[in-house]
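Summary of structural features
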Amino acid sequence: MSFIALVTLVVRDYDEAVDFYTRALGFELAEDTDRGGGSRWVVVRPPGGEAGTGLLLAKAKDPEQAASVGAQTGGRVGFFLHTADFAADHARMTAAGVRFLEEPRHEAYGSVAVFEDLYGNRWDLLQPAG
């Protein structure tokens, strides 16, 4: 069986990224290992995602990488956070300061609202129908 284990997300700062993803989105810090020279291996995952896909938070190392922070998907929604309780997660995230770009919508495929992470990357909070 194959699955995507990690997706790299280029960030400005490790600590601010860990704070946002753990505090505002409720992710768990799965690993934070010093690799020397100011580099760290930092992985966050949604709660209960031990065997699922995680985000590798990678600090930008040069101006080219820094320019991609917040624009890694060209302004499109690039990340999809599924939930089993849309209303509760939307309320918790809003209270934590997450910026939603729209009011929740109820579509044939489920309940959804687009939000931005601390860098401006767009995400869907989605509770699939059924």
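What counts as what
- Residues numbered from 1 in each chain as written.
- Predicted model: local features only at pLDDT ≥ 70, side-chain atom pairs only at ≥ 80, totals over all residues.
- Heavy atoms only, no water.
- Helix = DSSP H or I, 4+ residues; strand = E, 2+ residues; numbered from the N terminus.
- Rg over C-alpha atoms; globule rule 2.2 N^0.38 Å.
- Buried < 20%, exposed > 50% of the residue type's maximum accessible area, 1.4 Å probe, protein only.
- Arc of directions from axis to C-beta.
- Contact = heavy atoms within 4.5 Å.
- Core = buried A, V, L, I, M, F, W, Y, C linked by side-chain atoms within 4.5 Å.
- Domains from an automatic or database assignment.
- Phe/Tyr/Trp six-rings, centres within 6.5 Å; stacked < 30°, edge-to-face > 60°.
- Pairing = 2+ DSSP bridges.
- Axes fitted to C-alpha atoms, helices over the stretch in contact; angles between N-to-C directions.

- The name given to the protein in an unreviewed UniProt entry is Extradiol dioxygenase, with Streptomyces solincola as the source organism.

**What about the overall build of the protein?**
- When helices and strands are tallied, the protein shows three helices and nine strands.
- In the protein, the succession of helices and strands from N to C terminus is β-α-β-β-β-α-β-α-β-β-β-β.
- Rg of the C-alpha trace for the protein: 15 Å, near the compact-globule value of 14 Å for 130 residues, within the 12% margin.
- Viewed in the frame of its principal axes, the protein has a C-alpha envelope of about 50 × 30 × 30 Å.

**Observations regarding helix α3 (residues 86-95)**
- Phe86, His90 and Met93 are the residues of α3 that are buried. The buried side chains of α3 occupy one side of the element, clustering within an arc of 70° when seen end-on. Facing away from the buried side of α3 by over 90 degrees, the exposed positions are Ala87 and Ala95.
- Taken together, the buried residues of α3 touch α1 (14-24), β6 (99-100), β8 (110-116) and β9 (122-128).
- Remark: Gly97 follows α3 within two positions and exhibits a positive phi of approximately 95°.

**Notes on the nonpolar core**
- Within the largest apolar cluster, 27 residues are counted, with the highest numbers of intra-cluster contacts made by Tyr21, Leu57 and Phe115.
- Of all the secondary-structure elements, those providing two or more residues to this core are β1 (6-11), α1, β3 (39-45), β4 (54-59), β5 (77-82), α3, β8 and β9.
- A total of six residues in this core trace back to one element, the largest contributor, which is α1.
- Composition of this core by domain shows at least three residues from each of domain 1 (1-69) and domain 2 (71-129).
- Apart from the residues lying within four places of it in its own chain, the contact partners of Phe115 are Leu25, Leu81, Met93, Val98, Arg99, Phe100, Leu101, Asn121, Arg122, Trp123, Asp124 and Leu125.

**Brief notes about the packing of aromatic side chains**
- Scanning the model with the defined rule gives seven aromatic pairs in all.
- Ring geometry for Phe100 against Phe115: centres 5.5 Å apart, planes inclined by 55°, an arrangement best described as tilted. Taken as a pair, Phe100 in strand β6 and Phe115 in strand β8 lie far apart in primary sequence, 15 residues in all.
- Under the relative-accessibility criterion, Phe100 is labelled buried at 17%.
- Put simply, the rings of Phe20, Tyr21, Phe27, Phe79, Phe100, Phe115 and Trp123 touch in pairs and so form one group of aromatic residues.

**Re the side chain of His90**
- Inspection of the secondary structure assignment puts His90 in helix α3.
- Among all residues touching His90, those that are not within four sequence positions of it are Phe100, Pro104, Ala113 and Leu125.

**Structural notes on the environment of Ala96**
- By the element assignment, Ala96 lies in the loop between α3 and β6.
- Given the relative accessible area of 23%, Ala96 is considered partly exposed.
- As a C-alpha pair, Ala96 and Gly130 span 34 residues in sequence and 28 Å in three-dimensional space.

**Some remarks on the sheet that holds β4**
- Strand order in this open sheet of four strands is β1-β4-β3-β2, and the pairing throughout is mixed. Edge positions in the sheet fall to β1 and β2 (28-36), since each of these pairs with one other strand and no more. Here the average twist between neighbouring strands, direction ignored, is 25°.
- With three bridges connecting them, β3 and β4 associate as antiparallel partners. Paired with Val43 across the strands is Leu56, a residue of β4.

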